[in-house]
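Fold and geometry: a report
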Amino acid sequence: MLTLQKKYIRTVFCSLLSSILLLASCTEEEQENGHTGMVTLLEEVAQKYYVADNRFANHARVNHFDTLASKATGRKKFDYEYQKAVELLRAGEPEEAANLFEKLHQELPQIAYSFTPKDRDLADKLEADIAQSYLRLGEQENCLHNHTSASCIFPIASPGFHQLPNGSRKAIERYTSLLTRNPDALHYRWLLNIAYMTLGEYPHRVPEKWLIPIESQSDYPVAPFEEVAGDLGVDVDNISGGSILEDFDNDGYLDILASSYGLRDQILYFHNNGDGSFSDQTESAGLTGITNSLNMMQADYNNDGFMDVLVLRGAWFEQQGKQPNSLLRNNGDGTFTDVTAEVGLLSFYPTQTATWSDFNNDGWLDLFIGNETSDRFSPNPSELYLNHRGRFRNVTEEAGLALNEYVKGVTSGDFDNDGWQDIYVSTLYGQNYLFRNLGLGKKEQLRFEDVTEKAGLHKPMMSFPTWFYDFDNDGWLDIFVSGFKFSTEPTVSYNVAAEYLGLPNDAEKARLYRNNGDGTFTDVAETMGIDKALYTMGCNFLDIDNDGWLDMYLGTGDPSFESLIPNKLFRNNAGKSFQDVTTAAGVGHLQKGHAVSAGDIDNDGDQDIYAVMGGAFEGDNYRNALFKNTYQGSAPSSNNWISIKFEGVKSNKAAIGTRLKITLTDQGKQRILYRDVNSGGSFGASPLRTEIGLGQATKIDKLEVTWSGSNRKQVYQNVTANQFIQITEGTTQVKKLDNRKLELQKKKGAHGLHHTHLSE
């Protein structure tokens, strides 16, 4: 890797000169060399880190343990073969894994001489591994190879029942045996119920003593969503990754970027053709070879009017996490160029989370990246880069943000309404952090203050995704952060089963911190009904029914194959509570929920959901989902909406951080809504055009815009509902956009982009 980094010296040197001497740019040749260099660098990263020491290189680990087993005897051979079986399951070979686990189960009497107290549950453990392998086999044969839009949607209905029952049938046999000996093992009980459900035999065939009551209806009736990713050909079949919904070519229609976590997994670009169809334009966009990302987010870093893309890498890899991020410049002609080194952003830290914001109010978007540090590997401090006309300078130390924590989520917003963008940081181990932006001090130096304890946010928790938003429409940004606790006993499915049964559990619950408007926050998760065992990974907020209250869709799971728990949709009940409407909406996907993006794909006025599915291991792949919202037109009197594209002039061009105050009359009563321009959650990116539900209001009485950075305030009166408009900073009139409503078309031969193993 050092050799390749030397190849970057010329490009990086040009970047430094551009920053210091204010040169316009590097030459086109140097830019192209930077793009090609990144592609080469990513391939070198794949070669270097696809080794048996990498816990996610599962095929390599299968070969490694097979070699060790072939040279060993007795208990050592048994242990190596067990590790091989584990890796076979993780590599996507569940039938081979089940056969090897069964062989080892039969050999237990032969190694009884070697048992220690730690081995007392070895027989049960092996039987559980056998059951899990067969359950995954059933998923592969039915939900993947014979996929329908209802596959793995919880509670599973008839279109999603398994047509090839052998996998689930054998899993039921094993879980029944395990529960006979361990009746209090709620994780086995949960998976037994799921296995019966896949066969259409829930609840009537489940033994009553092991039945888990599962909701048959939601807390509130909402319009159902339709899973249409396969119809449109955007159902990428791969492992966990990132997603962006955004109009990358400014034609008025939202495109899709999707990534996956494998070291050679190609980032994919689906162009919205404006006729209800999507086309894969990855190659023509110049993205071939840009691979391996767990998360991505968009921003117009150079203020040219086209959305660029930040690609984040290395998260969870720990010692193998020294991987480069990428900044992909949108060239405005349908192509992207990697300019990471050129603009001064090349670094090698493990991360999956960042936030774009104009922290120093100069009209250019800056970047804060949260990196991962642990006792097990070297410190990887978070990074703050200030943007000077498209070139970046690392100011982390002087800004007071050199945080060495296992950061899993970051978000930015002006929590104290002082005109300066602040930062909230979610970590996996220890406490989270709130940093207040103090603005510019001596010599125009930007400084942040740690106000975590003062704000009442210092209580330790294990957490993952987070965001700022105003859930109660009071004009003060609140904070959502979801719990995420790794544990082996009890497992994720154990805690979720306990919650369904009303039993105590030790899951890390979600937090909803209401902003008190005085610099402090109060956790209202319990009173709002979301203090639950959610195990959230990807998530985002949206307004599913255009009532003006922000709801949220939460992708759930963890790396374990036992983690088959439904993703959740919570409806905001006028800021008084959150209602679980997962079942009514039909979005309770059982597969691992990663990046979540919400936006109006078909321009019909309601927000749809694109969710990246699949787990961390090579064989835990699944098809991404696109849930089409059927709300508009389905209700007797649908709520109204407005979609606004903001264009900054003194503010950053994309208007990120711009604040909106919307006054309207809804059923004879005045209401006020508050929104920020941003891409939503910290794991998955929604479009930067602001899509707002207006309830029954037919117009916005007054729209007050406070532009980020410039802090200029503008007011627009009597803006008609149900239209797409553009507002440019400094103009007195709104511009109506001709964004047509689309009828989504079924693509011939859909279900086309499938998972391939790195070793193939």
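The following paragraphs examine the structure supplied in this document. (Residues numbered from 1 in each chain as written. Predicted model: local features only at pLDDT ≥ 70, side-chain atom pairs only at ≥ 80, totals over all residues. Heavy atoms only, no water.)

When two helices pack together, their arrangement is captured by the angle between the axes and the distance separating the axes. Packing of helix 4 (residues 58–70) against helix 5 (residues 74–90) leaves a shortest axis separation of 8 Å and a crossing angle of 160°. In this view, helix 4 runs roughly antiparallel relative to helix 5, as classed from their interaxial angle. Seen along the crossing, helix 4 lies across helix 5 with a hand that is left-handed. For the pair helix 4 and helix 5, the contacting residues are Asn58, Arg61, Val62, Phe65, Asp66, Leu68, Ala69 and Ser70 in the first and Lys77, Tyr80, Glu81, Gln83, Lys84, Glu87, Leu88 and Arg90 in the second. Taken together, the residues of the contact of helix 4 with helix 5 break down into six nonpolar, three polar and seven charged. (Axes fitted to C-alpha atoms, helices over the stretch in contact; angles between N-to-C directions. Helix = DSSP H or I, 4+ residues; strand = E, 2+ residues; numbered from the N terminus. Parallel < 35°, antiparallel > 145°, perpendicular 65-115°, else oblique. Left-handed = near helix turned anticlockwise from the far one by under 90°. Contact = heavy atoms within 4.5 Å. Nonpolar A, V, L, I, M, F, W, Y, C, P; charged D, E, K, R; others polar.)

This part is about helix 7 (residues 122–144). Its 23 residues give helix 7 an end-to-end C-alpha distance of 31 Å, which sits within 8% of 33 Å, the value for a rise of 1.5 Å per residue. For helix 7, a buried count of 20 out of 23 residues is recorded, marking the element as mostly surrounded by other parts of the structure. (Expected span 1.5 Å × (residues − 1). Buried < 20%, exposed > 50% of the residue type's maximum accessible area, 1.4 Å probe, protein only.)

This brings us to helix 4. When the terminal C-alpha atoms of helix 4 are compared, their 18 Å separation across 13 residues agrees well with the 18 Å that a helix rising 1.5 Å per residue should span. Along helix 4, the residues that are buried comprise Asn58, His59, Ala60, Arg61, Val62, Phe65 and Ala69. Buried residues along helix 4 sit against helix 5.

To continue, consider the sheet that holds strand 4 (residues 255–258). Strand order in the open sheet made by the four strands is 3-4-5-6, with antiparallel pairing throughout. The open sheet has two edge strands, strand 3 (243–246) and strand 6 (278–280), and neither has a second partner. For this sheet the average axis-to-axis angle between neighbouring strands, irrespective of direction, equals 20°. (Pairing = 2+ DSSP bridges.)

Across the sheet, four strands lie side by side as 11-12-13-14; this open sheet has antiparallel pairing. Either end of the sheet is taken by a strand with one partner, and the two such strands are strand 11 (351–357) and strand 14 (391–394). Each neighbouring strand pair of the sheet contributes to a mean axis angle of 25°, computed without reference to strand direction. Examined bridge by bridge, strand 11 and strand 12 (residues 366–371) share six bridges and lie antiparallel to one another. By the bridge assignment, Ser357 is partnered in strand 12 with Asp366.

Let's shift gears to the pattern of salt bridges. Per the stated rule, a full pass over the model turns up 38 salt bridges. Among the salt bridges present, the one from Glu87 reaches Arg90, with a minimum N-O distance of 3.5 Å. Linking Glu87 with Arg90, this pair stays in helix 5, spanning three residues, or about one helical turn. Between Asp620 and Arg136 there is a salt bridge, and its shortest N-O distance comes to 4.0 Å. One end of the pair, Asp620, is in the loop between strand 28 (608–613) and strand 29 (622–623); the other, Arg136, is in helix 7, with 484 residues separating them in the sequence. Pair check on accessibility: Asp620 and Arg136 agree, each one buried. Here the salt bridges share partners, and the residues they tie into one network are Glu102, Asp124, Glu127, Arg174 and Arg181. (Salt bridge = Lys/Arg side-chain N within 4 Å of Asp/Glu carboxyl O.)

Take the packing of aromatic side chains next. The tally for this structure, following the rule as stated, stands at 32 aromatic pairs. Pairing Trp190 with Tyr500 gives two aromatic rings, centres 5.2 Å apart and planes at 40°, and the pair type is tilted. Within this pair, whereas Trp190 is found in helix 9 (residues 186–198), its partner Tyr500 is found in helix 14 (residues 492–500), the two being separated by 310 residues in sequence. Considering the side-chain rings of Trp316 and Phe464, the 6.0 Å spacing of their centres and the 70° angle between planes classify their relative orientation as edge-to-face. Residue Trp316 is located in the loop between strand 8 (308–312) and strand 9 (326–330), and its partner Phe464 is located in strand 19 (residues 463–469); the two are separated by 148 residues in the primary sequence. Comparing Trp316 with Phe464, the two get one shared label, buried. By the ring-pair criterion, three or more aromatic residues cluster together here, those being Trp316, Tyr406, Tyr429, Phe464, Phe484 and Phe683. One cation-aromatic arrangement involves Lys209 over Trp210; the distance from NZ or CZ to the ring centre is 4.6 Å. Directly above the aromatic system of Trp316 lies the positively charged group of Lys408, at a separation of 3.5 Å from the ring centroid. (Phe/Tyr/Trp six-rings, centres within 6.5 Å; stacked < 30°, edge-to-face > 60°. Lys NZ or Arg CZ within 6 Å of the ring centre and 35° of its normal.)

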